[in-house]
Amino acid sequence: MKVNRIAKSYVALALLVAFSVSACSSNDIAQVNAGTKVVSRDGHHRGGLGQGRPPEGGAKHSVCEALQQGPLNNAEHGPMNNADFNRDGTVMRDELEAFMDHGKYRRISMLTFFDLFDTNKDNRLSDKEFAKVDPPYGFDGTDEKDNCLVTREEVLAYANQAGRSYRKIGLGQFFALMDTNNDNKVITTEVDAAHESGLLARF
């Protein structure tokens, strides 16, 4: 009789655990299907203007590959996708501020960011200097010579790519250029206008 009660207790416990796991999985799927915010393990929000993307730095890249190739699966509208946390097609100034807080380098130009770490001012980042880069993916895509080095010349060329002026002036000023009616939000028509004018290139 006692053994039977213990067996029933174990069965009940097993069913409870199975139900809990199933409920958690269903809840995660429901959140994704409902389009709610999804945050990756490193704290980066995914999604924006209706599209998602993996965390920057490309988890499947080696360091050298990321420096040469850049982030994986860039969304069509670049930083405007990533800053649109609630995926409603509008980037509010508050959303942009939160996005910049996830990586304060987004507030400044890439050259200024480079200069912060080039402490000996030799226009290249040594291994010791590169190890201090925060976030570590801040220069992904700049290594055009494919030699696993970051130089000031390469960073300048990367910042000067057509439609990427946010790399030269920071996202705050870039947002102000896109927000043509100064209402502290960037809507889909303003993003489209930025594409048409060449201010923002499509990824």
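Conventions we followed
- Residues numbered from 1 in each chain as written.
- Predicted model: local features only at pLDDT ≥ 70, side-chain atom pairs only at ≥ 80, totals over all residues.
- Heavy atoms only, no water.
- Helix = DSSP H or I, 4+ residues; strand = E, 2+ residues; numbered from the N terminus.
- Buried < 20%, exposed > 50% of the residue type's maximum accessible area, 1.4 Å probe, protein only.
- Contact = heavy atoms within 4.5 Å.
- Areas by Shrake-Rupley, 256 points an atom, 1.4 Å probe, with all protein chains shown as cover.
- Arc of directions from axis to C-beta.
- Phe/Tyr/Trp six-rings, centres within 6.5 Å; stacked < 30°, edge-to-face > 60°.

> Would you mind showing me how to read the overall build of the protein chain here?
The helix and strand inventory of the protein chain stands at 10 helices and 4 strands. Start at the N end of the protein chain and walk to the C end: the helices and strands fall as α-β-β-α-α-β-α-α-α-α-α-α-β-α. Within the protein chain, the fraction of its 203 residues that count as buried is 38%. Sequence separation of 24 or more characterises 56% of the internal contacts of the protein chain that already satisfy a separation of 6 or more. Here the protein chain has roughly 11,700 Å² of accessible surface; of this, 55% comes from carbon and sulfur atoms.

> Explain helix H9 (residues 171-178) to me, please; I cannot follow it from the model alone.
Residues spaced three or four apart along an α-helix point in a common direction, a consequence of the helix completing one turn every 3.6 residues. When we look at burial in H9, the residues that qualify are Leu-171, Gly-172, Phe-174, Phe-175 and Met-178. The buried residues of H9 occupy an angular sector of 165 degrees when the element is viewed end-on, so they sit on one face. Next to the buried residues of H9 lie helix H3 (79-83), strand S3 (91-92), helix H4 (93-101), helix H8 (166-169), strand S4 (185-186) and helix H10 (188-197).

> Please clarify how the environment of Tyr-137 should be interpreted in this entry.
Summarising the element assignment, Tyr-137 is placed in the loop between helix H6 (127-130) and helix H7 (152-159). Of the residues examined, Tyr-137 reaches a relative accessible area of 13% and is grouped as buried. Measuring from C-alpha to C-alpha, the distance between Tyr-137 and Val-63 comes to 8.4 Å, with 74 residues separating the pair along the chain.

> Hey, could you run me through the packing of aromatic side chains in this one?
For the coordinates displayed, the defined rule picks out 7 aromatic pairs. Pairing Phe-85 with Phe-99 gives two aromatic rings, centres 6.4 Å apart and planes at 70 degrees, and the pair type is edge-to-face. With a gap of 14 residues between them, Phe-85 in the loop between H3 and S3 and Phe-99 in helix H4 connect regions that are remote in the sequence. Per residue, the accessibility class of Phe-85 equals that of Phe-99, and both read buried. Where Phe-113 meets Phe-117, the ring centres are 5.1 Å apart and the plane angle is 80 degrees; that geometry is what we call edge-to-face. One end of the pair, Phe-113, and the other, Phe-117, are both in helix H5 (residues 110-117), 4 residues apart, so they sit about a helical turn from each other. Its relative accessible area of 3% is what places Phe-113 among the buried residues.

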